[in-house]
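Letter by letter, the chains look like this.
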Amino acid sequence: MADLSTSIAGVRLPNLFFNASGVWCQHEAELADLLKSESGSLITKSATFEQRQGNPEPRYKPLAGGSINSMGLPNEGFEYYLEYAKKFDYSQEKPLFISLSGLSLEDNKKMCQAFADAKLDCILEVNFSCPNVPGKPQLGYDMEAMEAALTALAPIINKPFGIKLPPYFDIAHFDAVAAIINKFDQVQFVTCVNSVGNGLAIDFETETALIKPKDGFGGLGGLMILQTALANVNAFHRRLTGGKQVIGVGGVTSGKEAFLHVLAGASAVQIGTQLKEEGPAAFGRIKKELEEIMAAKGYKSLDDFRGKVKTL
Ligand code: SIN
């Protein structure tokens, strides 16, 4: 039997799969579903300082080959997730990741301080890449602001943590972002990629945008972004130093895409659109498919092929 276990930031996951933040993780009932599922971990919805309703509906639509969303960070406010993290049973085998997405650096500082003060065993993933809050550009596309944020947050968090990045499309940007991240020892992983921001899906018959917020503009996810996700995973896998890891997300619908993410360099794999469409049963199916692929190729563990994509 193939071994799908992995570790992120020094913490063991029984298998590499978990949800992408935002999918099946806003409320405790959904988090309980993830605990019961065959995922290897779970992450909460990106929290803002205050509770948010998010953008007007419709704000998510499945598309041929993926999805578009402009959720706008609907969440229960960080204290809800802090309380959840306080009562979480850390003796069970799935670790807990907490996603934070403050609308300002001050909010991120306050939320990180609250989690640090609580001295919990959860792992923080700070989201620098939500494309859907009107008037709030993605921090991951502003190199100076990103470095300033990491300079402020790393000493507060004061233990290994990760950041969720937007997709980059230029080699110079991979170089610049990796150089910034490599300055921070405590950034132990990056999650690549958030949705491909600000696509526009239009219904041919009605000549109308499919989602309501932002005149129909929203983040693209699912199979249509697989190659962008793989490129970002591989670009950061090649550039990050000091044992930093990459969590791959984008385009995983089956064991095959999960295999490609690991081949590109992913140490764990998050699932977004497919989880939203199929529900938590997706984890068992995709896990089994990856085990079968590994057995067919003669790989016993993820280390056997992680990052070993061949080039021509
Ligand atoms: C959202 O709530 O708009 C999605 C979150 C994200 O893309 O980071």
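No experiment lies behind these values; they were computed from the predicted model shown.

As for the packing of helix α4 (residues 143-157) against helix α5 (residues 171-181)
And step 1. Where α4 meets α5, the closest approach of the two axes is 10 Å, and the angle between their N-to-C directions is 20°. Judged by the angle between their axes, α4 and α5 are roughly parallel. You can see that α4 and α5 cross each other, and the crossing is right-handed. Of the residues in α5, those touching α4 at Met-143, Met-146, Glu-147 and Leu-150 are His-173, Ala-176, Val-177 and Ile-180.
And step 2. Partitioning the contact of α4 with α5 into residue classes produces 6 nonpolar, 1 polar and 1 charged.

Some thoughts on the UniProt feature "domain: Dihydroorotate dehydrogenase catalytic" (unreviewed entry) in the protein
And step 1. Under the UniProt annotation, "domain: Dihydroorotate dehydrogenase catalytic" (unreviewed entry) lies at residues 4-294.
And step 2. Secondary structure within residues 4-294 divides into 35% helix and 22% strand; the distance between the first and last C-alpha atoms comes to 10 Å.

A short note on the site of the ligand
And step 1. Close contacts around the ligand come from Lys-45, Asn-69, Met-71, Gly-72, Leu-73, Pro-74, Asn-127, Cys-130, Pro-131, Asn-132 and Asn-194, and that covers them all.
And step 2. Here an oxygen atom of the ligand sits 3.5 Å away from a polar atom, N or O, in the main chain of Met-71.
And step 3. Measuring from an oxygen atom of the ligand, one finds a backbone N or O atom of Gly-72 at 2.8 Å.
And step 4. Contact with the protein chains covers 94% of the free accessible surface of the ligand, which is 260 Å².
And step 5. Classifying every residue of the shell around the ligand gives 5 nonpolar, 5 polar and 1 charged.

Some points on the pattern of salt bridges
And step 1. Evaluation of the coordinates by the stated rule reveals 13 salt bridges.
And step 2. With its nearest N and O atoms 3.0 Å apart, the salt bridge here joins Glu-289 to Arg-285. Within this pair, Glu-289 and its partner Arg-285 are both found in helix α9 (residues 281-297), separated by 4 residues, close to a single helical turn.
And step 3. Taking the relative accessible area as the measure of exposure, Glu-289 reaches 23% and is therefore partly exposed.
And step 4. A salt bridge links Arg-306 to Asp-303, with the nearest nitrogen and oxygen atoms 2.5 Å apart.

Regarding the packing of aromatic side chains
And step 1. If you walk through the whole model with that rule in mind, you get 12 aromatic pairs.
And step 2. Taken together, the aromatic side chains of Tyr-141, Tyr-168, Phe-174 and Phe-236 make up a single cluster linked through ring pairs.
And step 3. Above the face of the Phe-49 ring, Lys-110 is positioned so that its terminal group lies 4.2 Å from the ring centre.
And step 4. For Lys-276, the ring lying beneath its charged end belongs to Tyr-60, and the centroid distance is 4.7 Å.

What to know about helix α7 (residues 255-264)
Every α-helix carries 3.6 residues per turn, so stepping three or four residues along brings you back to the same face.
And step 1. In terms of burial, α7 is largely enclosed, as 8 of its 10 residues are buried.
And step 2. Inspection of α7 places Gly-255, Glu-257, Ala-258, Phe-259, His-261, Val-262, Leu-263 and Ala-264 among the buried residues, and these make up the whole buried set.
And step 3. Next to the buried residues of α7 lie β3 (17-19), α6 (226-239), β15 (245-249), β16 (268-271) and α9.

Description of the nonpolar core
And step 1. Phe-17, Phe-115, Ile-163, Leu-165 and Phe-236 are the most contacted members of the largest nonpolar core, which has 80 residues in total.
And step 2. At 7 residues, α4 tops the list of elements feeding residues into this core.
And step 3. The residues touching Leu-165, leaving out its near neighbours within four places in the chain, are Ser-129, Met-146, Val-177, Ile-181, Val-190, Thr-191, Cys-192, Val-193, Asn-194 and Phe-236.
And step 4. Formed by 10 residues, the second largest nonpolar core is a distinct cluster that contains Phe-18, Phe-97, Ile-123 and Ile-247.

Remarks on the environment of Ala-231
And step 1. With respect to the helices, strands and loops of the structure, Ala-231 is situated in helix α6.
And step 2. Ala-231 sits 64 residues away from Pro-167 along the chain, and the two C-alpha atoms are 8.9 Å apart.

Here we look at the sheet that holds strand β14 (residues 217-221)
And step 1. The sheet built from 4 strands is open, its strands ordered β5-β6-β14-β11 with antiparallel pairing. Taken across any chain shown, the strands that pair with only one partner, and hence form the sheet edges, are β5 (60-63) and β11 (196-200). Recorded for the sheet is a direction-independent mean angle of 35° between the axes of neighbouring strands.
And step 2. By the bridge criterion, 3 bridges tie strand β6 (residues 66-69) to β14 in an arrangement that is antiparallel. Looking at the pairing, Asn-69 lines up with Gly-219 of β14.

Section: the sheet that holds strand β9 (residues 161-165)
And step 1. Taking strand neighbours across the sheet as the criterion, the 8 strands line up as β3-β16-β15-β10-β9-β8-β7-β4 in an open arrangement whose pairing is parallel. Of all strands in the sheet, those bounded by a partner on one side alone are β3 and β4 (42-43).
And step 2. Where strand β7 (residues 96-100) lies against strand β8 (residues 123-127), 4 bridges are found, and the strand directions are parallel. Bridge pairing links Ile-98 to Leu-124 in β8.
And step 3. Those strands touched by α6 are β9, β10 (187-192) and β15, and its axis lies near 180° from that of β15.

What counts, and where the lines are drawn
Residues numbered from 1 in each chain as written. Predicted model: local features only at pLDDT ≥ 70, side-chain atom pairs only at ≥ 80, totals over all residues. Heavy atoms only, no water. Axes fitted to C-alpha atoms, helices over the stretch in contact; angles between N-to-C directions. Helix = DSSP H or I, 4+ residues; strand = E, 2+ residues; numbered from the N terminus. Parallel < 35°, antiparallel > 145°, perpendicular 65-115°, else oblique. Left-handed = near helix turned anticlockwise from the far one by under 90°. Contact = heavy atoms within 4.5 Å. Nonpolar A, V, L, I, M, F, W, Y, C, P; charged D, E, K, R; others polar. UniProt positions renumbered as here; feature names shortened; annotations may be inferred. Near = heavy atom within 4 Å. Polar contact = N/O pair within 3.5 Å; in protein donor to acceptor, adjacent residues only side chain to side chain. Areas by Shrake-Rupley, 256 points an atom, 1.4 Å probe, with all protein chains shown as cover. Salt bridge = Lys/Arg side-chain N within 4 Å of Asp/Glu carboxyl O. Buried < 20%, exposed > 50% of the residue type's maximum accessible area, 1.4 Å probe, protein only. Phe/Tyr/Trp six-rings, centres within 6.5 Å; stacked < 30°, edge-to-face > 60°. Lys NZ or Arg CZ within 6 Å of the ring centre and 35° of its normal. Core = buried A, V, L, I, M, F, W, Y, C linked by side-chain atoms within 4.5 Å. Pairing = 2+ DSSP bridges.

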